[in-house]
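In case you want the letters, here they are:
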Amino acid sequence: MRHKLKETRHICTIEQTRISQAENRALPRHVKILRALQKLRLASDQHPSTEKHLKSSYQIIKENERLQQCFPAFIIHPFSLLRLYSDVVVFIVMNLHLMLLPFAFSFLAFETRPTRHLVEYIDLSLCVILIVEFALTFCTGFVVLETNEIVLNPRKIFLNRLRPFRLMYDLLLFFPYILLLEVFDELIVEAGAEASLVFVSFLYLCNIARFRDSNRYFSVIPRSLDISQSKMRIVEVIMNTLYVLHWTTCLGYIIPVLLKVDSSARTSDAEELLAAMHLPQPNVSAALERVANPFVRVRLTDLDTSTAYRYLRSMMITLRVGLASSEKKDIEEHYVYHWIMWLVMFLGWLWFNYVPVVLCRFFDSPEMATDQYDKFMANLKAFVYNKRLSATLERKLRNNFATRFRTRYFDEEMIMGLFPSNLRSSIRMETCRHLVASVDLFKNLPYFILTDIVNCLQLEVYLQDDVIIAAGSYGDSMYFLAAGTVAVYAMNGKELGHLTDGAYFGEISLIRRNQQRTANVVALEACEIYRLSHEDFQNVVKPHAYLLNRIRKQAEQRLAMMKRKKDKIPLEIADARWGDLFWDGDGWGQEIIVFPSKDSPRGTDGFDSFRDPR
């Protein structure tokens, strides 16, 4: 079994693993590259969502086995590295596309053909990448938020993507609107002010809601960098503000121009403006002498400045109007002006009141589990600073809390205290019954006894390299591995095997208190472990003497079987002793090291070892 472990912290010395690693290193280069490419579609612990849905290396391995054995080779796991990298690329491409569109139609519509063609090629390239992403979603699984189920079935994925509204919404994203730039001044402008206004409004409405998708792709980046949820929310508000401001700035510049160059009511001044806008290097000074309209004079003056200056000037005017600190006087004679003024002021009022609300939620939102988690982390940082704790210890404290709560803080004692005892038992049974029911000593126990045992379990979190059981110590508890991977080492330091989700160890301590441990158990990753103490188990079973006697009898039979196998050592053997524990894939056993007598044909220098499965 292969485990995703940090090689810098744990070097596996199990013979089977070492042979497998050596074989992988000896593979040809092209085979290694092919395997690396195939691995990109599998679930990875580097994806920020994996820790929330797949808590251990074992669960990741099982999920990848399910993907490889049950579904076609083109299906991509939603928590794969390929999905992580594509989300980062799509976030950048989507924002470039959505920022370039309004800028092109507002400030480059009347530029020379080489400039327009360059912008068109760039935006078409971005659209191609978005089309590839759209096709990739038909091969990528998804998570059902209500149940946290990871869906990998191709048919379900296909039907999920083909929902009518969602499909139309996605298609409108990568539609090549930029190609309309070629006919913008010939068809759309000539069609009249109302047609132009409808077109730019359609472009605005189709794409302004895209910041929601942008936020979804953006959320992967800070979570990969371990940035808190509250800081992410602030960055998203800033990004959305700039996004809406950019679109409104571009539309605030082009709409008055479209209204002034209306073909149905075009004046000589408007004709002069339109002619100057089509020239690569217009003679602004001569044109200003021939026009008297204030709006046309302002726009002609703009043509003598850089595109960046015109953009920043339009942004300043949009901000002032949005904050209701000034009014536009450019096109007050046109009826559409009143609607534009009302819309911009309403959007400004709405947005700039929404931002303080989000900030208030950031500073005080106790109802949100993610914010409570961030608050506790801030308190922990202050605690570490006050106590002058080392950076290593601070990291362990943060990792312990992160493993325990998985970015969602909750007060378990308070929540459990709200429910009656029968519901509390039901919650614990649903969480831990599968761990207890797998123990041989607990098989065929009555349901109410299992319930009492489960109620005695105590959750403990162990981090990487933490020692759970030390060889030579005296045990007083049994352990159930709910999530994580641990390694078992003999007293001499030899690595004997790994245990994963659902395993248990130390059960003899429930029957024989202070039983000496024969192996070290060390966490190889963050582990969630339930501990059952000897006292709690005895208190549960003591009132039922017949059950306690049956459990003791089962334990004694196991120990007697081991003793009988030891007694079956050949007579020519002079001495024997119990050796290391081992794991053979089906269960634990113990190695018997036997030393031959002088009369043995093997001589006195050698020894045999027999594996005695428990």
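- An unreviewed UniProt entry annotates the chain as Cyclic nucleotide-binding domain-containing protein of Anopheles melas.

What about the overall build of the chain?
Reasoning step 1: Broken down by element type, the chain carries 26 helices and 15 strands.
Reasoning step 2: Counting the 614 residues in the chain, one finds 45% classified as buried.
Reasoning step 3: Of the contacts made within the chain by residues no fewer than 6 positions apart, 69% connect residues no fewer than 24 positions apart.
Reasoning step 4: Entry remark: accessible area of the chain is about 33700 Å², with carbon and sulfur atoms responsible for 59%.

Some thoughts on the environment of Leu 481
Reasoning step 1: One can find Leu 481 in strand β6 (residues 477–483).
Reasoning step 2: Look at Leu 481 and you get buried, because its relative accessible area is 0%.
Reasoning step 3: The sequence separation of Leu 481 and Cys 527 amounts to 46 residues, and the corresponding C-alpha distance is 7.3 Å.
Reasoning step 4: For Leu 481, the contacting residues outside a window of four places in its chain are Leu 435, Val 486, Leu 499, Thr 500, Asp 501, Gly 502, Ala 503, Cys 527, Glu 528 and Ile 529.

Structural notes on the packing of helix α22 (residues 421–437) against helix α23 (residues 447–455)
Reasoning step 1: Where α22 contacts α23, the two axes come as close as 9 Å, and the packing angle between them is 95 degrees. When the interaxial angle is binned, α22 and α23 end up roughly perpendicular. Where α22 approaches α23, its residues Ser 425, Arg 428, Met 429, Cys 432, Arg 433 and Val 436 are matched on the opposing element by Tyr 447, Leu 450, Thr 451, Ile 453, Val 454 and Asn 455.
Reasoning step 2: Residues that form the contact of α22 with α23 fall into these classes: 7 nonpolar, 3 polar and 2 charged.

Topic: helix α5 (residues 81–107)
Reasoning step 1: Along its 27 residues, α5 runs 39 Å from first to last C-alpha, staying within 8% of the 39 Å computed at 1.5 Å per residue.
Reasoning step 2: With 19 of 27 residues buried, α5 is to be regarded as a mostly interior element.

A closer look at the packing of α5 against helix α6 (residues 113–137)
Reasoning step 1: Look at α5 against α6: their axes get within 9 Å of each other, and the N-to-C directions meet at 140 degrees. In terms of orientation, α5 lies oblique with respect to α6. In this structure, α5 crosses over α6, and the sense of that crossing is left-handed. Where α5 approaches α6, its residues Arg 83, Ser 86, Val 89, Val 90, Val 93, Met 94, Leu 96, His 97, Leu 100, Leu 101 and Ala 104 are matched on the opposing element by Val 119, Ile 122, Asp 123, Leu 126, Cys 127, Ile 129, Leu 130, Glu 133 and Leu 136.
Reasoning step 2: Tallied by class, residues from the contact of α5 with α6 come to 15 nonpolar, 2 polar and 3 charged.

Observations regarding the pairing of strand β11 (residues 520–523)
Reasoning step 1: In this sheet, β11 lies alongside strand β4 (residues 467–469) in antiparallel orientation, the contact comprising 2 bridges. Bridge assignment links Ile 469 to a residue of β11, and that residue is Val 521.
Reasoning step 2: Pairing geometry for strand β7 (residues 486–489) and β11, over 4 bridges, is antiparallel. Bridging across to β11, Val 486 finds its partner in Ala 523.

Points about the UniProt feature "transmembrane region" (unreviewed entry) in the chain
Reasoning step 1: The positions UniProt marks with the feature "transmembrane region" (unreviewed entry) are residues 88–110, 122–145, 165–181, 187–206 and 335–352.
Reasoning step 2: The span residues 122–145 shows a helical share of 67% and a strand share of 12%, and its end C-alpha atoms are spaced 36 Å apart.
Reasoning step 3: In this annotation, residues 165–181 is assigned 53% helix and 0% strand; the end-to-end C-alpha distance for the span is 27 Å.

Some thoughts on the sheet that holds β7
Reasoning step 1: Taken in spatial order, the 4 strands line up as β4-β11-β7-β8 in an open sheet, and their pairing is antiparallel. Each having just a single partner strand, β4 and β8 (495–499) make up the two edges of the open sheet. Between one strand axis and the next, the sheet turns by 30 degrees as a mean value, whatever way the strands run.

Description of a nonpolar patch on the surface
Reasoning step 1: The grouping of Phe 410, Met 414, Ile 415, Leu 418, Phe 419, Leu 423 and Ile 427 at the surface amounts to a nonpolar patch, some 590 Å² of accessible area in total.
Reasoning step 2: Contributing elements (two or more residues each) for the nonpolar patch: α21 (412–417) and α22.

Considerations on the nonpolar core
Reasoning step 1: Ranked by size, the top nonpolar core spans 38 residues in total, and within it Met 94, Phe 105 and Leu 130 carry the most contacts.
Reasoning step 2: Every element with two or more residues in this core is listed here: α5, α6, α10 (193–208), α11 (211–218) and α13 (229–260).
Reasoning step 3: A total of 9 residues in this core trace back to one element, the largest contributor, which is α5.
Reasoning step 4: Looking at which domains feed residues into this core, each of domain 1 (26–225) and domain 2 (227–274 + 290–365) supplies at least three.
Reasoning step 5: With 29 residues, the next largest nonpolar core counts Leu 435, Phe 442, Val 454 and Met 478 among its residues.

Quick notes on the sheet that holds strand β3 (residues 458–462)
Reasoning step 1: Read across the open sheet, the 4 strands follow the order β3-β12-β6-β9; overall the sheet is antiparallel. With partners counted over all chains shown, the strands left at the sheet margins are β3 and β9 (504–505), one partner each.
Reasoning step 2: Pairing geometry for β6 and β9, over 2 bridges, is antiparallel. Each residue of the ladder has a partner; that of Phe 480, found in β9, is Tyr 504.

Notes on the side chain of Thr 137
Reasoning step 1: Tracing the backbone shows Thr 137 in helix α6.
Reasoning step 2: Every residue in contact with Thr 137, bar those within four places of it in the chain, is listed here: Ile 157 and Arg 161.

Describing unusual backbone geometry
Reasoning step 1: Located in the positive-phi region is Arg 388, a residue other than glycine, with phi close to 55 degrees.
Reasoning step 2: In the Ramachandran plot, Asp 465 falls in the positive-phi region, its phi being about 75 degrees despite a non-glycine side chain.
Reasoning step 3: Within the secondary structure layout, Asp 465 lies in the loop between β3 and β4.
Reasoning step 4: We classify Asp 465 as partly exposed; its relative accessible area is 32%.

Some thoughts on the pairing of strand β12 (residues 527–533)
Reasoning step 1: Counting buried positions over the 7 residues of β12 gives 7, a clear majority of the element.
Reasoning step 2: Residues Cys 527, Ile 529, Arg 531 and Ser 533 of β12 are buried on one face, and the alternating residues Glu 528, Tyr 530 and Leu 532, pointing to the opposite face, are buried as well.
Reasoning step 3: Sheet topology places β3 next to β12; 5 bridges connect them, and they run antiparallel. When the sheet's bridge partners are listed, Gln 458 is paired in β12 with Arg 531.

About the cut-offs
- Residues numbered from 1 in each chain as written.
- Predicted model: local features only at pLDDT ≥ 70, side-chain atom pairs only at ≥ 80, totals over all residues.
- Heavy atoms only, no water.
- Helix = DSSP H or I, 4+ residues; strand = E, 2+ residues; numbered from the N terminus.
- Buried < 20%, exposed > 50% of the residue type's maximum accessible area, 1.4 Å probe, protein only.
- Contact = heavy atoms within 4.5 Å.
- Areas by Shrake-Rupley, 256 points an atom, 1.4 Å probe, with all protein chains shown as cover.
- Axes fitted to C-alpha atoms, helices over the stretch in contact; angles between N-to-C directions.
- Parallel < 35°, antiparallel > 145°, perpendicular 65-115°, else oblique.
- Nonpolar A, V, L, I, M, F, W, Y, C, P; charged D, E, K, R; others polar.
- Expected span 1.5 Å × (residues − 1).
- Left-handed = near helix turned anticlockwise from the far one by under 90°.
- Pairing = 2+ DSSP bridges.
- UniProt positions renumbered as here; feature names shortened; annotations may be inferred.
- Patch = residues over 30% accessible without salt bridge, like charges linked within 9 Å, V, L, I, M, F, W, Y side chains within 5 Å.
- Salt bridge = Lys/Arg side-chain N within 4 Å of Asp/Glu carboxyl O.
- Core = buried A, V, L, I, M, F, W, Y, C linked by side-chain atoms within 4.5 Å.
- Domains from an automatic or database assignment.

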